[in-house]
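Residue strings, one per chain:
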Amino acid sequence: MDRHRETEGMTLRFRRAAREDTAAAQAAYQQIIEHLGATVDYPHWHSENHPSPAEVEQWVEAGDLYLALAPVDADDEQIAGAMVLDHNAPAAYQDAVWAIEAASEQVLVVHALGVHPGFLRQGMARFLVHASLEVARQKGCRAVRLDTYVENLPARRLYASQGFDDLGIHTLHYDGTDLTQFHLFERVL
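Description of the structure in this document. (Residues numbered from 1 in each chain as written. Predicted model: local features only at pLDDT ≥ 70, side-chain atom pairs only at ≥ 80, totals over all residues. Heavy atoms only, no water.)

**Quick word on the overall build of the chain**
And then number 1: Looking only at helices and strands, the chain features 5 helices and 8 strands.
And then number 2: Listing every helix and strand of the chain by position from the N terminus yields β-β-α-α-α-β-β-β-α-β-α-β-β.
And then number 3: Relative to the 2.2 N^0.38 estimate, which gives 16 Å for 189 residues, the radius of gyration of the chain is 16 Å and therefore close to what a compact globule would have.
And then number 4: Judged by the C-alpha coordinates and their principal axes, the chain covers about 50 × 35 × 30 Å.
And then number 5: Split into buried and exposed, the 189 residues of the chain put 47% on the buried side.
And then number 6: Taking the intrachain contacts of the chain between residues at least 6 apart in sequence as the baseline, contacts between residues at least 24 apart amount to 66%.
And then number 7: Entry remark: accessible area of the chain is about 9,500 Å², with carbon and sulfur atoms responsible for 46%.
And then number 8: Averaging the locations of the 15 positively and 28 negatively charged side chains of the chain gives two centres separated by 8 Å. (Helix = DSSP H or I, 4+ residues; strand = E, 2+ residues; numbered from the N terminus. Rg over C-alpha atoms; globule rule 2.2 N^0.38 Å. Buried < 20%, exposed > 50% of the residue type's maximum accessible area, 1.4 Å probe, protein only. Contact = heavy atoms within 4.5 Å. Areas by Shrake-Rupley, 256 points an atom, 1.4 Å probe, with all protein chains shown as cover. Lys, Arg positive; Asp, Glu negative; His and termini not counted. Charge placed at Lys NZ, Arg CZ, Asp CG, Glu CD.)

**Focus: the environment of H44**
And then number 1: Among the secondary structure elements, H44 is positioned in the loop between helix 1 (22-38) and helix 2 (45-48).
And then number 2: The exposure class of H44 is buried, given its relative accessible area of 19%.
And then number 3: Along the backbone, H44 and E134 are 90 residues apart, and their C-alpha atoms lie at a distance of 28 Å.
And then number 4: Excluding residues within four positions of it along the chain, H44 makes contact with Y149, E151 and L179.
And then number 5: Side chain to side chain, H44 and S47 meet in a polar contact 3.2 Å long. (Polar contact = N/O pair within 3.5 Å; in protein donor to acceptor, adjacent residues only side chain to side chain.)

**Thoughts on the pattern of salt bridges**
And then number 1: A full pass over the atoms with the stated rule returns 4 salt bridges.
And then number 2: Across the pair E77 and R13 runs a salt bridge whose closest N-O atoms are separated by 2.6 Å. Of this pair, E77 sits in strand 4 (residues 76-86) while R13 sits in strand 2 (residues 10-16), placing them 64 residues apart in sequence.
And then number 3: With its nearest N and O atoms 2.9 Å apart, the salt bridge here joins R145 to E186. With R145 in strand 6 (residues 143-149) and E186 in strand 8 (residues 181-188), this residue pair connects regions lying 41 residues apart in the sequence.
And then number 4: R145 sits in the buried class, given a relative accessible area of 6%.
And then number 5: For E186, a relative accessible area of 1% gives the class buried. (Salt bridge = Lys/Arg side-chain N within 4 Å of Asp/Glu carboxyl O.)

So yeah, pure geometry; function would need other evidence.
What follows is the structure, encoded as structure tokens:
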């Protein structure tokens, strides 16, 4: 999938990351983490050192990392945002009361949605959310689901504004972190 879309006065390209994008994706996530550490770390990525370069490499290898690319000049692009789209939900998702029953392959799960600091407040997060919905529809999914750390108020506002239902706080366990309280969100397609 390689899509073009105009947002906030710039033409963005959205596509799955390729192996040759690994280093740039790792660098983009590192810049996001550093920015969070210098400002407000709502998702706790800086304090948790997440996502790690190894995680980013695994996502690229699995074909699950997607990139929003913005033009730098006529011949070059920069990663403006990134996210993981797959069907892998934490075990605790099974305990939630979702609006619809759906098999795992019918649900697209969004992970690690991040916007490069140079593209904040330009509609990039909304662009990524819309792109995730488009990928889900193309894959024949019935719903898009995700979680966000309980203190991540900007993300919670974003997803609610984009038609996702907030299922409230749930206890989730992710390897490598002590964070356990997350809001679950669902958008039925």
